[in-house]
Amino acid sequence: MKLHNVNEIADHVYWVGVRDWSRRMFDALIPLPYGTTYNSYLVQGEEKSALVDTVNPGFEKELEAKIREVMDPSELDYVVMNHAEPDHAGSIPHVFSLNKKAELITSEKGAQMARIYYGTLPERIHVVKEGDTIELGGKSFEFVDAPFLHWPETIFTYLVEDKILFPCDFFGSHIAHGVYDEDVADVSVMSKRYFGEIMMPYKGMGKRALDKIKEMEIEIIAPSHGPIHKHPQRIMDLYNDWVNGATRQKVTVVYATMWGDVEKMIFPLVETLQSEGVEVAVHNLVVADIGRIAEDLVDSRAIVLGTPTVLGGAHPLAVYAAFLAKALRPPAKYAAVLTSYGWGGGALKQIADLVGPLKLEVVAALEVNGPPSGNDLSKIVEIGKTLASKVKEEK
Ligand code: FEO
């Protein structure tokens, strides 16, 4: 009796990945409200067989059982390591414990990582470069260098005859349910969130990779997380916008408030922006989902940060948000900062120092003593109008 769900996504190409329904955090940083998958693919040619990527540690036995439903893992000829991060490569030692002959296919940098992370013996590593091919008999792989998507060693694997691209993390999404894109109603939203969390800092590299694959005939994109794209053009078009930093008339507002004074500044600003026809995404940092903030930053043209002053600086949650915004390198061009203080300032300067490297045009930086006065509120309405006009005139 077969207990596992092994999907044949094309002739002799099988999804043998696993679903992690319960995982709620990735890299101790990224919330996973819907879990995730670790997609591994088994490709059988007429002469040789290959496993493309493996799965997160802890799921080795499930991966093994799924491979066994198709073939004996000791007969595998290749294990392709598109990316060395443990969620995809962490089961290589287990697969190699079952198999004494398979070669690990990876990039030059990947070879070094395989030795360090997984103790792979150099004689079992086969380094490939851009354009190299490997024949399986009636099926062949071609490899594409795709560095920093999302570690420096990353490659894409293209299965030429079936027109399937295996891009590992690129084009992925953290969703445990669904096999294909058409099975998941909000796949575009989840893909955008994932892009914001993982790929946005590497937009330039993403653009180069998209340029490389745009002439390829691709019928299926089979990433290493989330559903398989049966409609590859749809996700490629979305990525084209995102890697090129296409923004909307949209402002992402993040704030922390202790006694409500910052909220009294933020809300009139939000109302003004909305009444000027600008889309606004608002996140109170006490209850915010960091992944939703990353998703909103993907196409926001401006960022507003609100924080009280605490212990001579910005609120730690606002410091975290500013640091995260800097690290994620969103395409926003404009910013405004609203702060309040009780007896001494400091928050404004700290935030300015933190977001300085983003080279945002700071439309306004307002520091208020206590709750905002009527005069302060008038200034905030003006700030909202100025920010709205900047956001609306930018193409
Ligand atoms: Fe899904 Fe960069 O690992």
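Please refer to the structure higher up on the page.
Residues numbered from 1 in each chain as written. Predicted model: local features only at pLDDT ≥ 70, side-chain atom pairs only at ≥ 80, totals over all residues. Heavy atoms only, no water.

Chemist: Explain the overall build of the protein chain here, please?
Modeler: Summing up its helical and strand segments, the protein chain has 12 helices and 22 strands in all. Dimensions along the principal axes, computed over C-alpha positions, put the protein chain at roughly 80 × 40 × 40 Å. In the protein chain, which comprises 395 residues, the share counted as buried stands at 58%. The long-range fraction of contacts in the protein chain, counting pairs at least 24 apart against all pairs at least 6 apart in sequence, stands at 73%. For the protein chain, the exposed surface amounts to about 16300 Å²; the carbon and sulfur share of it is 52%. Side chains of the protein chain carry 40 positive and 55 negative charges; the gap between the two charge centres is 5 Å. (Helix = DSSP H or I, 4+ residues; strand = E, 2+ residues; numbered from the N terminus. Buried < 20%, exposed > 50% of the residue type's maximum accessible area, 1.4 Å probe, protein only. Contact = heavy atoms within 4.5 Å. Areas by Shrake-Rupley, 256 points an atom, 1.4 Å probe, with all protein chains shown as cover. Lys, Arg positive; Asp, Glu negative; His and termini not counted. Charge placed at Lys NZ, Arg CZ, Asp CG, Glu CD.)

Chemist: Honestly, the packing of helix α5 (residues 187-199) against helix α9 (residues 290-297) in this entry has me stumped. Any pointers?
Modeler: Between two packed helices, the angle of one axis relative to the other and the distance separating the axes together describe the packing. Remark: α5 packs on α9, axes separated minimally by 7 Å, with the N-to-C direction vectors making an angle of 95 degrees. Considering their axes alone, α5 and α9 lie roughly perpendicular with respect to each other. When α5 is examined against α9, the residues V189, K192, R193, G196 and E197 are found in contact with a partner set consisting of G291, R292, A294 and E295. Of the residues assigned to the contact of α5 with α9, the class counts are two nonpolar, two polar and five charged. (Axes fitted to C-alpha atoms, helices over the stretch in contact; angles between N-to-C directions. Parallel < 35°, antiparallel > 145°, perpendicular 65-115°, else oblique. Nonpolar A, V, L, I, M, F, W, Y, C, P; charged D, E, K, R; others polar.)

Chemist: Explanation requested: helix α11 (residues 347-355) in the structure shown.
Modeler: A turn of α-helix holds 3.6 residues, and therefore any two residues three or four places apart point the same way. Turning to α11, its buried residues are A347, L348, I351, L354 and V355. The arc that holds every buried residue of α11, seen down its axis, measures 130 degrees, which confines them to one face. Buried positions along α11 lie against β19 (302-310), β20 (313-314), α10 (316-328), β21 (334-341) and β22 (361-369). (Arc of directions from axis to C-beta.)

Chemist: Is there a simple way to think about the environment of Y34 in this case?
Modeler: You can see Y34 is positioned in the loop between β5 (30-31) and β6 (36-38). The spacing of Y34 and V251 is 217 residues in sequence and 26 Å in space, taken between C-alpha atoms. In contact with Y34, other than residues within four places in its own chain, are R24, H174, I175, A176 and M190.

Chemist: Can you help me understand the packing of helix α8 (residues 261-275) against helix α12 (residues 374-393) in this one?
Modeler: With their axes 8 Å apart at the nearest point, α8 and α12 run at an angle of 40 degrees to one another. Here α8 is positioned oblique relative to α12, judged by the angle of their axes. As for how α8 packs across α12, the hand of that crossing is right-handed. Across the interface between the two elements, K264, M265, P268, L269, T272 and L273 from α8 touch L377, I380, V381, I383, G384, K385, L387 and A388 from α12. (Left-handed = near helix turned anticlockwise from the far one by under 90°.)

Chemist: When you look at the sheet that holds strand β11 (residues 125-127) in this model, what are you seeing that I'm missing?
Modeler: Sheet strands line up and pair through hydrogen bonds in the backbone, either parallel or antiparallel. If you trace the seven strands from one edge of the open sheet to the other, you get β1-β2-β7-β8-β9-β10-β11, paired in mixed fashion. One side of each edge strand has no neighbouring strand; the edge strands of this open sheet are β1 (7-10) and β11. If you compare each strand with its neighbour and ignore which way they point, the axes differ by 25 degrees on average. Sheet topology places β1 next to strand β2 (residues 13-15); three bridges connect them, and they run antiparallel. Considered in β2, the bridge of A10 is made with V13. Where helix α4 (residues 108-118) meets the sheet, its contacts fall on β10 (103-106) and β11, and the angle it forms with β11 comes to roughly 160 degrees. (Pairing = 2+ DSSP bridges.)

Chemist: For this particular structure, what's the right way to read the pattern of salt bridges?
Modeler: Side chains that differ in charge, positive against negative, can pair when their charged atoms come close. Taken as a whole, this structure holds 24 salt bridges when the rule is applied. Close ionic contact of R68 with D72 constitutes a salt bridge, the shortest N to O distance being 3.9 Å. Residue classification places R68 among the partly exposed positions, given a relative accessible area of 43%. With its nearest N and O atoms 2.9 Å apart, the salt bridge here joins K250 to D296. You can see K250 sitting in strand β17 (residues 250-255) and its partner D296 sitting in helix α9, a full 46 residues away along the chain. The residues K250 and D296 share a single accessibility class, namely buried. Counted as one network, the salt bridges with shared partners bring together K192, R248, K250, E279, R292, E295, D296 and D299. (Salt bridge = Lys/Arg side-chain N within 4 Å of Asp/Glu carboxyl O.)

Chemist: Explanation requested: the layout of surface pockets in the structure shown.
Modeler: Think of a ball as big as a water molecule: rolled over the atoms, this probe shows where empty space is left. For the largest pocket, the calculated volume is near 310 Å³. Forming the boundary of the largest pocket are 17 residues, of which M258, T309, Y341, G342 and W343 lie nearest the centre. Secondary-structure elements contributing two or more residues to the lining of the largest pocket are α8, β19 and β21. Residue contributions to the lining of the largest pocket peak at three residues, all from β19. (1 Å grid on protein atoms, 1.4 Å probe; cavity = no way out; pocket = protein on both sides within 12 Å on 5 of 7 lines; lining within 4 Å. Points joined across faces, edges and corners; volume = space filled by probe spheres on them.)

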